[in-house]
Amino acid sequence: MIPYPTWLGSGDNAWQMTAATLVGLMSIPALAVLYGGLVQKKWAMNTVLMVFSTFCLVLITWVLWAYKMGFGTPLISTFVGDPRTILGASALQGQANIPLLNGLMPSFKLPAASVEYFQFVFAAITPILFIGSVLGRISFKVWLVFVPLWITFAYSVNAFLLWGGGYWAGKGALDFSGGYVIHLAAGVSGFTAAAIIGPRLKRDREKAIPNNLMFVALGAGILWLGWNGFNGGDPYFAGADAAAAVVNTNLATAVAMMTWIFMDMFLTKEKKPTFLGGLNGMICGLVGITPAAGYVNGFGAIVIGLVCSGIVWVAWQYLPKYVWPFNRVDDALGVVYTHGFAGLCGGLLVGLLADPNMIVYVGLGKTSSVAGTGLFYGHPHQLLVQFLAALTIIVWDGAVTAAILFFIKYVLRMKLRFDDADLEIGDVAVHGEEAYPQEEVLSTRLSVTAEAEASPTTEEPRRPEKASTE
């Protein structure tokens, strides 16, 4: 009797499950706490509930059909995979396999469940990221319909094209861990959704004050360290490239965070360093290095952190003030900048900086090692491929996001935004709860509830008409 089949590598599997858990922590609790602390206090619970609900909806969609659409056998040429469930015993305990990658990478030493869960947490975090674009107005019911449709028609296509052996993978496009599939997609889809749904209330836009910066710091710290699993788990083996990807991730992030802080100190009118500015720089570094983590050396990681943070800082300062459509769309937390622009910059920089000496998989005999080669190392075509793959993601995800929202609005006849009366109140109106209830309001609720339980035949108590708002 043996504990596992001979093809399974226990060390690789242990790291893969650990990496997947780290990525899961980036969503719950990291982004729930980070976004929940960034919004006005009247929207804190709506934000947290959206994050947790998205995590649930994506997993259900993933196991029923979406995983195989991204990582299975082709359904429509090299564009999307055939939807299948992954609920059977062999689908969970059999040897992992991505059909179109057979022979192009080492055989997996992992059970299918490890790869399926690892790829699920990547899928889940993508719509969770662009929740930040539509906070403070999108209908919760609409979001529950939107998420499974978006995972099906946008994310699964992105994953198949670049990771599942689809069209752009066949052309040699490099996206180590999701600069395009996740971050560029989130930026484009979030911005498109924000444009269609419309802005927050004017008063909320003018007084968009974070309700708890210490929660933001806690979420940011978990997010940063969780990224070790995000990039370190993507080779699927606990090898040298995984270790290099972790170092590159942290190095690029450190450079990017300090770049933003220094630019705030020396190039703004206030000339003050802020934690929120540093947070934006941190996210730019994490996002920018994601498509490149295992393909660039340490010098490349430094360049990516510096360039991505600097470009996004300029875009953040300039575009919302002067350039259409950025000055017309209410992207509540600036997802299009810190994820869309940073993901695009990082992906293009792979086309320049990919170092062929950074080996992902070691070749034996006549088999060549797997690595990436950018323009600076003698392969200019890589930059063109990176650009065209990015353009595909931008056009497809923008179109699909718009189509889904119009379908929900005009076919399902659902209102995309909460009513203005609900927008004025926030969590209490929408969910009947709030993050920081006032003591007197809470006492009133408890006494009313006690009376109702003692006298069940009395008139139903009225919900408090007022809630603490910004």
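All figures in this text were calculated on a predicted structure; none of them were measured in a lab.

**Details of helix 2 (residues 44-71)**
Thinking step 1. In a regular helix each residue adds 1.5 Å, so 28 residues correspond to 40 Å; helix 2 covers only 35 Å between its end C-alpha atoms and thus falls short of that length.
Thinking step 2. For helix 2, the principal kink sits at W62 and spans about 70°.

**Here's the deal with the state of the cysteines**
Thinking step 1. Inspection of the entire model under this criterion finds zero disulfides.
Thinking step 2. The cysteine C284 is free of any disulfide, with C308 supplying the nearest cysteine sulfur at 7.3 Å.

**Focus on the packing of aromatic side chains**
Thinking step 1. In total, this model carries 30 aromatic pairs according to the counting rule given.
Thinking step 2. A ring pair is formed by Y67 and F71, whose centres lie 5.4 Å apart and whose planes are at 20°; its orientation type is stacked. In this pair, Y67 and F71 both sit in helix 2, four residues apart, roughly one turn of the helix. Like Y67, the residue F71 is buried in the burial classification.

**Quick word on helix 13 (residues 335-353)**
In an α-helix, one full turn covers 3.6 residues, which means residues spaced three or four apart are oriented alike.
Thinking step 1. Relative to the 27 Å expected for 19 residues at 1.5 Å per residue, helix 13 spans 25 Å between its end C-alpha atoms, a close match to the ideal helical length.
Thinking step 2. Taken across its 19 residues, helix 13 has 16 buried, putting it largely inside the fold.

**Quick look at the packing of helix 4 (residues 112-134) against helix 5 (residues 140-162)**
Thinking step 1. Here helix 4 crosses helix 5 at 125°, and the two axes come no closer than 11 Å. In terms of orientation, helix 4 lies oblique with respect to helix 5. Crossing hand, helix 4 versus helix 5: right-handed. Contacts between helix 4 and helix 5 involve Q119, F122, A123, T126, P127, F130, I131 and V134 from the former and W143, F146, W150, I151 and Y155 from the latter.
Thinking step 2. Across the contact of helix 4 with helix 5, the residue classes break down as eleven nonpolar, two polar and no charged.

**Re unusual backbone geometry**
Thinking step 1. Note that the residue after I28, namely P29, is joined by a cis bond; omega there is 15°.
Thinking step 2. When you line up the elements, P29 lands in helix 1 (residues 10-38).
Thinking step 3. The peptide bond linking W324 to P325 adopts the cis configuration, its omega dihedral lying at 5°.
Thinking step 4. Mapped onto the fold, P325 is located in the loop between helix 12 (298-322) and helix 13.
Thinking step 5. In this structure, Y236 is a non-glycine residue whose phi angle is positive, near 75°.
Thinking step 6. Relative to the assigned elements, Y236 resides in the loop between helix 9 (213-232) and helix 10 (240-267).
Thinking step 7. With a relative accessible area of 8%, Y236 lands in the buried category.
Thinking step 8. The backbone of K271 sits at a positive phi, close to 55°, despite the residue not being glycine.

**Some remarks on the layout of surface pockets**
Thinking step 1. In this structure, the largest pocket spans a volume of roughly 1400 Å³.
Thinking step 2. Mapped onto the lining of the largest pocket, the elements with two or more residues apiece are helix 1, helix 8 (202-206), helix 10, helix 11 (275-289), helix 12 and helix 13.
Thinking step 3. When its residues are assigned to classes, the lining of the largest pocket shows 25 nonpolar, eleven polar and eleven charged.
Thinking step 4. The volume enclosed by the second largest pocket comes to roughly 700 Å³.
Thinking step 5. As for the second largest pocket, its lining consists of 28 residues, of which L101, L162, A173, Y295 and V370 are closest to the centre.
Thinking step 6. In terms of residue class, the lining of the second largest pocket is built from 18 nonpolar, eight polar and two charged.

**Things to note about the pattern of salt bridges**
Close approach of charged atoms allows side chains with opposite charge to pair.
Thinking step 1. For the coordinates displayed, the defined rule picks out seven salt bridges.
Thinking step 2. R200 is the partner of D330 in a salt bridge, and the nearest nitrogen-oxygen pair spans 2.8 Å. Of the two residues, D330 is situated in the loop between helix 12 and helix 13 and R200 in the loop between helix 7 (179-197) and helix 8; the sequence distance between them amounts to 130 residues. Judged on exposure class, the residue D330 and its partner R200 are both buried.
Thinking step 3. Between R203 and E424 there is a salt bridge, with the nearest N and O atoms lying 2.7 Å from each other. Placement of R203 in helix 8 and of E424 in helix 15 (residues 420-425) is noted, with a sequence separation of 221 residues between them.
Thinking step 4. Taken together, the shared-partner salt bridges in this structure form one network comprising R137, R200 and D330.

What counts, and where the lines are drawn
Residues numbered from 1 in each chain as written. Predicted model: local features only at pLDDT ≥ 70, side-chain atom pairs only at ≥ 80, totals over all residues. Heavy atoms only, no water. Helix = DSSP H or I, 4+ residues; strand = E, 2+ residues; numbered from the N terminus. Expected span 1.5 Å × (residues − 1). Bend = angle between axes of the 7 residues up to and from the residue. Disulfide = S-S within 2.5 Å. Phe/Tyr/Trp six-rings, centres within 6.5 Å; stacked < 30°, edge-to-face > 60°. Buried < 20%, exposed > 50% of the residue type's maximum accessible area, 1.4 Å probe, protein only. Axes fitted to C-alpha atoms, helices over the stretch in contact; angles between N-to-C directions. Parallel < 35°, antiparallel > 145°, perpendicular 65-115°, else oblique. Left-handed = near helix turned anticlockwise from the far one by under 90°. Contact = heavy atoms within 4.5 Å. Nonpolar A, V, L, I, M, F, W, Y, C, P; charged D, E, K, R; others polar. 1 Å grid on protein atoms, 1.4 Å probe; cavity = no way out; pocket = protein on both sides within 12 Å on 5 of 7 lines; lining within 4 Å. Points joined across faces, edges and corners; volume = space filled by probe spheres on them. Salt bridge = Lys/Arg side-chain N within 4 Å of Asp/Glu carboxyl O.

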